[in-house]
Amino acid sequence: MLESELKETLTALLRAELSPVIERLDGIDNRLGSIDGRLDGIDNRLDGIDNRLDRLELEQAQIKQAVLETNETVKRNEVIQEQQHRIIELLSARSIEQEAKIKRIL
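Remember, predicted model here, so these are calculated numbers, not experimental data.

A.B. asks: Before we go on, may I ask you to explain the overall build of the chain in this structure?
C.D. replies: Secondary structure assignment for the chain yields 1 helix and 0 strands. Taking 106 residues into account, the globule formula puts the C-alpha radius of gyration at 13 Å, and the chain, at 45 Å, lies well above it. Over its C-alpha atoms, taken along the principal directions, the chain stretches across nearly 150 × 15 × 10 Å. Entry remark: accessible area of the chain is about 10,300 Å², with carbon and sulfur atoms responsible for 58%. In the chain, the 16 positive side-chain charges and the 22 negative ones have mean positions that sit 17 Å from each other.

Pasting the structure below:
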């Protein structure tokens, strides 16, 4: 009997001594669970930010392409306008020359 009483006493003593440690570990587990939940929230927010950045990068690339295309169009229009300006100058000179000839004839 002495052995079984000693065993029970030691078991009770160990439980009493380990009880605060177990409670602290449970508290730590609860806090870690709370931290994990917050980290999940942060991960979700970061995923949202990544998605927004991806959209912005795509939009920026599309805007850049549109600007380049517009720039090419403007350059073509400048060339056409310069050609038209030269033609108008030539026609103006011819018109003045023809008016002068008409005045000499009359």
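A.B. asks: Which parts of the structure should I look at to understand the pattern of salt bridges?
C.D. replies: Side-chain pairing between opposite charges can occur once the charged atoms of the two side chains come close. Counted under the stated rule, the structure contains 2 salt bridges. Between Glu82 and Arg86 there is a salt bridge whose closest N-O contact spans 4.0 Å. Note that Glu82 and Arg86 are positioned in helix 1 (residues 2-105) at a spacing of 4 residues, about one turn of the helix. Lys101 is the partner of Glu97 in a salt bridge, and the nearest nitrogen-oxygen pair spans 3.5 Å. With Glu97 and Lys101 both in helix 1 and 4 residues apart, the pair spans about one turn of that helix. Judged by its relative accessible area of 42%, Lys101 falls in the partly exposed class.

A.B. asks: Before we go on, may I ask you to explain helix 1 in this structure?
C.D. replies: A rise of 1.5 Å per residue sets the reference length of helix 1, with its 104 residues, at 154 Å; its end C-alpha atoms lie 150 Å apart and thus fit the reference within 8%. Maximum bend of helix 1: about 35°, positioned at Leu18, with proline Pro20 one to four residues after it.

A.B. asks: I keep staring at a negative patch on the surface and nothing clicks. Help me out?
C.D. replies: Together, Asp36, Asp40, Asp43, Asp47, Asp50, Asp54 and Glu57 make up a region of like negative charge exposed at the surface. Following the sequence through the fold, Asp50 ends up in helix 1. For Asp50, a relative accessible area of 42% puts it in the partly exposed group.

A.B. asks: Would you mind showing me how to read the environment of Ile87 here?
C.D. replies: For Ile87, the location among the structural elements is in helix 1. In this structure, the C-alpha to C-alpha distance between Ile87 and Arg38, residues 49 residues apart in sequence, is 73 Å.

Thresholds applied
Residues numbered from 1 in each chain as written. Predicted model: local features only at pLDDT ≥ 70, side-chain atom pairs only at ≥ 80, totals over all residues. Heavy atoms only, no water. Helix = DSSP H or I, 4+ residues; strand = E, 2+ residues; numbered from the N terminus. Rg over C-alpha atoms; globule rule 2.2 N^0.38 Å. Areas by Shrake-Rupley, 256 points an atom, 1.4 Å probe, with all protein chains shown as cover. Lys, Arg positive; Asp, Glu negative; His and termini not counted. Charge placed at Lys NZ, Arg CZ, Asp CG, Glu CD. Salt bridge = Lys/Arg side-chain N within 4 Å of Asp/Glu carboxyl O. Buried < 20%, exposed > 50% of the residue type's maximum accessible area, 1.4 Å probe, protein only. Expected span 1.5 Å × (residues − 1). Bend = angle between axes of the 7 residues up to and from the residue. Patch = residues over 30% accessible without salt bridge, like charges linked within 9 Å, V, L, I, M, F, W, Y side chains within 5 Å.

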